[in-house]
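Survey of secondary and tertiary structure
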Amino acid sequence: LKDIESATAVGGTLADFELPFILMYSTPKLNEIVEFMTRHKTQKAVPTDLADQLLREAKGQKLYKQLEKQLEANKTIWKDIAWAPEALDVIDCLRTDPTSVWHKNIRMPTESANPFRVCTQRTFTSSIKPLMVSSKRRDAPFENEKPQIIAKYLNANWNALKAVLPEPFKDLAQSKYVVFHLVGVYSLNLVYHKLLSDETIGVGPTLLEYGKNGQFNKLQTALEGLYDVDAITNADNWDKYY
């Protein structure tokens, strides 16, 4: 009661905050333990892919400012979704581009599971976050780029990988190779991030300059040369059962 009064006193910040709870009245201690363990040990996380879609849909509406203000109050939630609408725009560009490795190859939250389309929306957006959102540890080379341009940068990278590592990109091969699973998508996009931004490698400025000049074919050719090493080109290294 004191907490509610305090919340009301500071302008009602938490006065109308809904908090779900379970009230167990006169329950034997044994039953309470069983219930507690059952609820907290067996619950499953809810996929957040659809939440990203809803956030993007809301961004073009009047309610977005109010929604943004509420979400920003919880920094743990907001830092993980503020960039999501733009990442979804990138995915749309890739999924609708017939020349892209990712043409119709990213499974959206409203689509049923498919053993030959294993990369989910959340897997892909998480993998490109380091390229789009800077942190204290690293810069994001695409932070100020438009989704259409980011998609072209990503196409150059994945088409280069396909050129030097063709086996996993063949029809019906996705389920066999980790290239399209979280570990593959994330690690390969992270390697791309290193090439674009790590000064110790020294090729980042040149690669980014190709993109800024719209020379994405040159960018792809340069990446093919960088990726032409056994660690990447040997398909056995990417075999899920290897």
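This report concerns the structure included in the present document. Being a predicted model, the structure only gives us computed values, none of them experimental. (Residues numbered from 1 in each chain as written. Predicted model: local features only at pLDDT ≥ 70, side-chain atom pairs only at ≥ 80, totals over all residues. Heavy atoms only, no water.)

We now examine the nonpolar core. Counting 47 residues, the largest nonpolar core has Trp102, Phe124, Leu154, Trp158, Val179, Tyr192 and Tyr227 as the members making the most contacts within it. When residues of this core are assigned to their parent elements, the largest contribution, nine residues, is made by helix H8 (residues 147–164). With near-sequence residues (within four places) excluded, Trp102 lies in contact with Leu94, Arg95, Cys119, Phe124, Trp158, Phe180 and Val185. (Core = buried A, V, L, I, M, F, W, Y, C linked by side-chain atoms within 4.5 Å. Buried < 20%, exposed > 50% of the residue type's maximum accessible area, 1.4 Å probe, protein only. Helix = DSSP H or I, 4+ residues; strand = E, 2+ residues; numbered from the N terminus. Contact = heavy atoms within 4.5 Å.)

The next point concerns the packing of aromatic side chains. Counted under the stated rule, the structure contains seven aromatic pairs. Look at Phe142 and Tyr192: their rings are 6.3 Å apart centre to centre, the planes differ by 65 degrees, and that puts the pair in the edge-to-face class. One end of the pair, Phe142, is in the loop between helix H7 (121–132) and H8; the other, Tyr192, is in helix H9 (residues 182–197), and 50 residues separate them in sequence. Each ring, one from Tyr153 and one from Phe216, has its centre 5.3 Å from the other, and the planes form 90 degrees; the classification is edge-to-face. Here Tyr153, found in helix H8, pairs with Phe216, found in helix H11 (residues 216–227); they are 63 residues apart in sequence, far enough to count as distant. Accessibility expressed as a relative area gives 0% for Tyr153, which makes it buried. An aromatic cluster of three or more residues is present, and its members are Trp102, Phe124, Trp158, Phe169 and Phe180. (Phe/Tyr/Trp six-rings, centres within 6.5 Å; stacked < 30°, edge-to-face > 60°.)

Taking 1.5 Å per residue as the helical rise, H7 with its 12 residues ought to reach 16 Å, and the 16 Å between its terminal C-alpha atoms agrees with that figure. Counting buried positions over the 12 residues of H7 gives 10, a clear majority of the element. Taken together, the buried positions of H7 are Gln121, Arg122, Thr123, Phe124, Thr125, Ser127, Ile128, Pro130, Leu131 and Met132. (Expected span 1.5 Å × (residues − 1).)

Right, let's get into unusual backbone geometry. The backbone phi angle of Lys104 is positive, close to 60 degrees, even though this residue is not glycine. Assignment of secondary structure puts Lys104 in the loop between helix H6 (84–95) and H7. Of note, Leu172 is a non-glycine position whose phi angle comes to about 65 degrees, a positive value. Relative to the elements of secondary structure, Leu172 occurs in the loop between H8 and H9. Judged by its relative accessible area of 62%, Leu172 falls in the exposed class.

Looking now at the packing of H8 against H9. The contact between H8 and H9 brings their axes to 11 Å, and the two run at 110 degrees. Taken together, the axis directions place H8 and H9 in an arrangement best described as roughly perpendicular. Both H8 and H9 take part in a crossing whose hand is right-handed. Taking contact as the criterion, the partners of Tyr153, Leu154, Asn157, Trp158 and Leu161 in H8 are, on H9, Val185, Leu188, Asn189 and Tyr192. In the contact of H8 with H9, the residues fall into seven nonpolar, two polar and no charged. (Axes fitted to C-alpha atoms, helices over the stretch in contact; angles between N-to-C directions. Parallel < 35°, antiparallel > 145°, perpendicular 65-115°, else oblique. Left-handed = near helix turned anticlockwise from the far one by under 90°. Nonpolar A, V, L, I, M, F, W, Y, C, P; charged D, E, K, R; others polar.)

A word on the packing of helix H3 (residues 49–59) against H6. Between H3 and H6, the shortest axis-to-axis distance is 8 Å and the interhelical angle comes to 100 degrees. Here H6 runs roughly perpendicular to H3, going by the angle between their axes. Mapping the contact onto sequence places Asp52, Gln53, Leu55, Arg56 and Lys59 in H3 and Ala84, Pro85, Leu88, Asp89 and Asp92 in H6. When the residues that make up the contact of H3 with H6 are grouped by side-chain class, the tally is four nonpolar, one polar and five charged.

Here Arg95 lies in helix H6. In this structure the side chain of Arg95 is engaged in a polar contact, spanning 2.9 Å, whose partner is the side chain of Glu111. Once you skip the residues sitting within four places of it in the chain, Arg95 turns out to touch Trp102, His103, Lys104, Ile106, Met108 and Glu111. (Polar contact = N/O pair within 3.5 Å; in protein donor to acceptor, adjacent residues only side chain to side chain.)

Per the stated rule, a full pass over the model turns up four salt bridges. For the salt bridge of Arg117 with Glu111, the shortest nitrogen-to-oxygen distance reads 3.5 Å. Note on Arg117: relative accessible area 17%, which makes it buried. Residue Glu167 pairs with Lys170 through a salt bridge whose shortest N-O separation is 3.1 Å. (Salt bridge = Lys/Arg side-chain N within 4 Å of Asp/Glu carboxyl O.)

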